[in-house]
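# Descriptive structure summary
What follows is each chain in one-letter form.
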Amino acid sequence: MDRQKHILQSIYRLVSTRADENCCCFVEDDSLFGPDHKIIYRHFATLYFIFVADSAESELGVLDLIQVFVQVLDSCFENVCELDLIYHFDRVNYILDEIVMAGMVLETNADLILEAIKETKKLEQEGSTFGF
């Protein structure tokens, strides 16, 4: 747990002290993950969305992934904020599962993701038990 706490604090310190106007969205810190990893982040209002990726991942692809994730969150929560992420973490996890599963990007089209979320919500409201 101490290692995880150290990583979270170090990453937050790295990204929160950077000026958004003057800095790119990529940070490297060899002491945290080694020379083969990058910290890729976007800052939206008061929220930071941070991914750690190895050199095999495209930085721009991850930035696009973050953009799609935030766009879907904004559509689902009407201007997403910290409280939405805290109190509706199950919905946030479901949205992320619609985009990424087992480390593989499944979908980056925000409209298709929103459609899948609406279909699931409709099934939940109907009380569907998948035929049982």
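Summarised in this report is the structure supplied together with it. Worth saying up front: this structure is predicted, and the values here are computed from it rather than measured.

### Considering the pairing of strand 3 (residues 47-54)
- Strand direction decides the pairing type here: strand 2 (residues 37-44) and strand 3, joined by eight bridges, are antiparallel. Each bridged residue has a counterpart across the sheet, and for tyrosine 41 the counterpart in strand 3 is isoleucine 50.
- The turn linking strand 2 back onto strand 3 is made up of two residues, and alanine 45 within it adopts a positive phi angle of 55°.

### Structural notes on the pattern of salt bridges
- For the coordinates displayed, the defined rule picks out one salt bridge.
- Between glutamate 59 and lysine 38 there is a salt bridge; the shortest N-O distance is 3.4 Å. Placement of glutamate 59 in helix 3 (residues 59-77) and of lysine 38 in strand 2 is noted, with a sequence separation of 21 residues between them.
- Note on glutamate 59: relative accessible area 27%, which makes it partly exposed.
- Its relative accessible area of 12% is what places lysine 38 among the buried residues.

### Considerations on the nonpolar core
- By size, the foremost hydrophobic cluster in this structure holds 23 residues, and its most contacted members are Phe49, Phe69, Val72, Leu73, Ile95 and Ile99.
- Secondary-structure elements contributing two or more residues to this core are strand 3, helix 3, helix 5 (89-99) and helix 6 (110-126).
- When residues of this core are assigned to their parent elements, the largest contribution, ten residues, is made by helix 3.
- The residues contacting isoleucine 95, other than those within four sequence positions of it, are Phe69, Val72, Leu73, Cys76, Phe77 and Ile117.

### Quick look at the packing of aromatic side chains
- The tally for this structure, following the rule as stated, stands at three aromatic pairs.
- Considering the side-chain rings of tyrosine 12 and tyrosine 48, the 6.0 Å spacing of their centres and the 85° angle between planes classify their relative orientation as edge-to-face. With a gap of 36 residues between them, tyrosine 12 in helix 1 (residues 2-16) and tyrosine 48 in strand 3 connect regions that are remote in the sequence.
- Exposure remark for tyrosine 48: the relative accessible area of 25% places this residue in the partly exposed category.
- What links up through ring pairs into an aromatic cluster is the set Phe44, Phe49 and Phe69.

### Things to note about the packing of helix 3 against helix 6
- Where helix 3 meets helix 6, the axes come as close as 10 Å, and the angle between the chain directions of the two elements is 45°. The orientation of helix 3 with respect to helix 6, classified from their angle, is oblique. Classified by chirality, the crossing of helix 6 by helix 3 is right-handed. On helix 6, the residues that touch Val68, Gln71, Val72, Ser75 and Cys76 of helix 3 are Ala110, Ile113, Leu114 and Ile117.
- When its residues are assigned to classes, the contact of helix 3 with helix 6 shows seven nonpolar, two polar and no charged.

About the cut-offs
For every chain, the first residue of the written sequence is number 1, and numbering continues from 1 onward in sequence order. Per-residue local features of the predicted model are confined to residues with pLDDT of at least 70, and side-chain atom pairs are confined, for both listing and counting, to 80 or more; whole-chain, interface and lining totals are unaffected and use all residues. Hydrogens are left out, water is left out, and the side-chain values use all remaining heavy atoms of the structure. Any two strands with at least two DSSP bridges between them are considered paired. Helix and strand labels come from DSSP, where a helix needs a run of H or I of at least four residues and a strand needs a run of E of at least two; each type is numbered from the N terminus. Definition used for salt bridges: Asp or Glu carboxyl oxygen within 4 Å of a side-chain nitrogen of Lys or Arg. The rule is simple: take the accessible area with a 1.4 Å probe, protein chains only, and divide by the maximum for that residue type; under 20% is buried, over 50% is exposed, in between is partly exposed. Residues belong to a common nonpolar core when they are buried Ala, Val, Leu, Ile, Met, Phe, Trp, Tyr or Cys residues joined through side-chain atoms within 4.5 Å. We call two residues in contact whenever any of their non-hydrogen atoms come within 4.5 Å of each other. Aromatic pairs are defined between Phe, Tyr and Trp rings, using the six-membered ring for Trp, whenever the two ring centres lie within 6.5 Å; interplanar angles under 30 degrees are classed as stacked, those over 60 as edge-to-face, and all others as tilted. Lines are fitted to the C-alpha atoms to define the axes, a helix being fitted only along its stretch in contact, and any angle between axes, read from their N-to-C directions, falls within 0 to 180 degrees. For this classification, under 35 degrees means roughly parallel, over 145 means roughly antiparallel, 65 to 115 means roughly perpendicular, and everything else is oblique. Here is the rule for handedness: rotate from the far helix to the near one, and if that takes an anticlockwise turn smaller than a right angle the crossing is left-handed, while a clockwise turn gives right-handed. When residue character is reported, Ala, Val, Leu, Ile, Met, Phe, Trp, Tyr, Cys and Pro are called nonpolar, Asp, Glu, Lys and Arg charged, and the others, Gly included, polar.

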